[in-house]
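# Secondary and tertiary structure notes
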Amino acid sequence: QVQLVESGGGSVQPGGSLRLSCATSGNIRSINTMAWYRQAPGKQRESVASILSGGSTSYADSVKGRFTIFRDNAKKTVYLQMDSLKPEDTAVYYCYQQIIDYVRDLMWPYWGQGTQVTVSS
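Residues numbered from 1 in each chain as written. Predicted model: local features only at pLDDT ≥ 70, side-chain atom pairs only at ≥ 80, totals over all residues. Heavy atoms only, no water.

With that out of the way, let us pick up the overall build of the protein. When helices and strands are counted, the protein shows 0 helices and 11 strands. When its helices and strands are written in sequence order, the protein yields β-β-β-β-β-β-β-β-β-β-β. For the protein, whose C-alpha radius of gyration is 14 Å, the value lies close to the compact-globule estimate of 14 Å for 121 residues. Overall size of the protein, expressed as C-alpha extent along the three principal axes, is 45 × 25 × 25 Å. With 121 residues in all, the protein has 42% of them scored as buried. Residue pairs at least 24 apart in sequence account for 56% of intrachain contacts in the protein once pairs closer than 6 positions are excluded. Total accessible area on the protein is roughly 6400 Å²; 47% of this is exposed by carbon and sulfur atoms. (Helix = DSSP H or I, 4+ residues; strand = E, 2+ residues; numbered from the N terminus. Rg over C-alpha atoms; globule rule 2.2 N^0.38 Å. Buried < 20%, exposed > 50% of the residue type's maximum accessible area, 1.4 Å probe, protein only. Contact = heavy atoms within 4.5 Å. Areas by Shrake-Rupley, 256 points an atom, 1.4 Å probe, with all protein chains shown as cover.)

Attention shifts here to the environment of Ser50. Turning to its location among the elements, Ser50 is positioned in strand E5 (residues 46-51). Look at Ser50 and you get buried, because its relative accessible area is 16%. Sequence-wise, Ser50 and Val103 are 53 residues apart; in three dimensions their C-alpha atoms are separated by 25 Å. Sequence-distant contacts of Ser50, that is, excluding residues within four places in its chain, are made with Thr33, Met34, Ala35, Ser56, Thr57, Ser58 and Ile69.

This is the structure:
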């Protein structure tokens with residue numbers, strides 16, 4: 001059974017930093033795209049950043065230059081380094097991965113449980 005476990009959320013003042021982690025476990029053959037999404041109260045879930053298996057990255061315009069996504073394939077973990085945080089970054093952050101496991105041998109989307117990030121003075 002594939003599981004995504006997120007950690008690293010919390011409360012921080014504007015201008016501060018947080019690092020989110022998403023560790024993957026289970027009978028995994030390979031992981032393609034790894035990404036972070038977020039959902040603020042009353043808003044739709046939106047893409048924040050993504051990274052392909054080859055290392056190519058993309059970011060939402062609102063976080064470019066402030067957030068960095070990176071992955072450790074050996075540890076099956078994706079990270080989101082968030083710097084210069086703003087109150088508008090407050091949201092629940094979700095990890096997303098496209099995984100091929102040994103059971104179905106098909107690429108399947110998986111989501112983490114979400115971790116709260118609050119930016120407030």
